[in-house]
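As a plain string of letters, each chain reads:
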Amino acid sequence: MMDFSERFPYFGAVLSNRAKGIDIMIKTSEKPAPKAGIAHNRVLLKMSGEVLMGEKEFGLDSKTLNRVARDIKQVIDMGVEVCVSVGAGNIFRGVSGAAEGMDRTQADYMGMLGIVINALALQSALEQLNVDTRVMSAIPMSAICEPYIRRKAMRHMEKGRVVIFAAGTGNPYFTSDTTAALRASEMNCDAILKGTKVDGVYTADPNKDPSAKRFDQITYMDVLTKDLRVMDATAVSLARENDIPIIIFNVRQEGNFAQVMTGKGTFTTVSGK
Ligand code: UDP
């Protein structure tokens, strides 16, 4: 009769190595090898819902969605692994619902559903460019997308698929910024790229104060203590704890995402240094 290690050679090897006192580590989340001329190998792109509404007052703008999709494709084609966290400010924010008397938790779930709408719209735009994409929701919705499972998400990214995280963290009282920092930590991302309307962090609002100066670099602590609001404080703290730089750049200009990936263009890096 076959013994255990003959029937299950893998476990057999583990057991015999254990017997010899050798520890085996099974790595499921190795970072990809660095590529020449590219600053980061695996990144998370965070975009607020407002970015996706373009010049509109509400909802989604298909031109903007298509442009963002082209930007993401450009970076994927460079060999970078990309995942995305979108917000829902273009549809619904929990705090606004709560301000109008709605139960906050209920309102936040509505916000999370708004994120699902944006994620599906972005998936559609990416698929039109033949970019393999998976939407993974923190709140299971098996009829329309995959549930978020960390190891599966990692595998999708390793295969060059764009993973879009939907429904935020799945918990009320959080934001899509915090989702970005959480998922970037879980995915072992090298950086969080926060795509905004401006090209970095300024000493004051550059639209109101022409003498405002842009920082090339700033520390997490400065962002927190000076209350610079580039990302919510929970998100900045989480990124700080996991030492993931946050790069603030203007996502409204086509090609900027790729530029930042090569270390060119204008942006501000928030890090520990
Ligand atoms: N939300 C939530 N938990 C999360 C992420 C988001 O409850 O983990 C809800 C919350 O109501 C929030 C809304 O979803 O207002 C949309 O997210 P956010 O305000 O971050 O969108 P953005 O400002 O980035 O467009």
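Residues numbered from 1 in each chain as written. Predicted model: local features only at pLDDT ≥ 70, side-chain atom pairs only at ≥ 80, totals over all residues.

Burial of strand β6 (residues 191-196) is extensive: five of the six residues sit out of reach of the surface. For β6 and strand β8 (residues 246-250), the ladder comprises five bridges, and the chain directions are parallel. Among the inter-strand pairings, L193 is bridged to a residue of β8, identified as I247. (Buried ≥ 20, exposed ≤ 12 C-beta atoms within 10 Å, placed from the backbone. Helix = DSSP H or I, 4+ residues; strand = E, 2+ residues; numbered from the N terminus. Pairing = 2+ DSSP bridges.)

This paragraph deals with the pairing of strand β1 (residues 42-47). On a regular strand, each side chain points to the face opposite its neighbour's, so the side chains alternate between the two faces of the sheet. Counting buried positions along β1 gives six out of six residues, so the element sits mostly inside the fold. Burial of β1 is two-sided: the residues R42, L44 and K46 facing one way and the residues V43, L45 and M47 facing the other way are all buried. Bridge analysis of β1 against strand β2 (residues 81-86) gives six bridges, and the strand direction is parallel. Note on β2: the bridge partner recorded for K46 is S85. As paired strands, β1 and β6 are joined by five bridges and run parallel to one another. When the sheet's bridge partners are listed, L45 is paired in β6 with L193.

Right, let's talk about the environment of T269 for a bit. Within the secondary structure, T269 is located in strand β9 (residues 267-271). Spatially, the C-alpha atoms of T269 and I192 are 9.7 Å apart, while their sequence positions differ by 77 residues. In this structure T269 touches Q217, P245 and I247, once residues within four positions along its chain are discounted. (Contact = placed C-beta atoms within 7 Å.)

This part is about the packing of helix α4 (residues 62-77) against helix α6 (residues 104-127). It is the contact of α4 with α6, at a shortest axis distance of 9 Å, that shows an interaxial angle of 65 degrees. The hand of the α4/α6 crossing is right-handed. Residue-level inspection shows L65, N66, V68, A69 and I72 of α4 in contact with α6, the latter providing A121, L122, A125 and L126. In terms of residue class, the contact of α4 with α6 is built from eight nonpolar, one polar and no charged. (Axes fitted to C-alpha atoms, helices over the stretch in contact; angles between N-to-C directions. Left-handed = near helix turned anticlockwise from the far one by under 90°. Nonpolar A, V, L, I, M, F, W, Y, C, P; charged D, E, K, R; others polar.)

Purely geometric numbers; function is a separate question.
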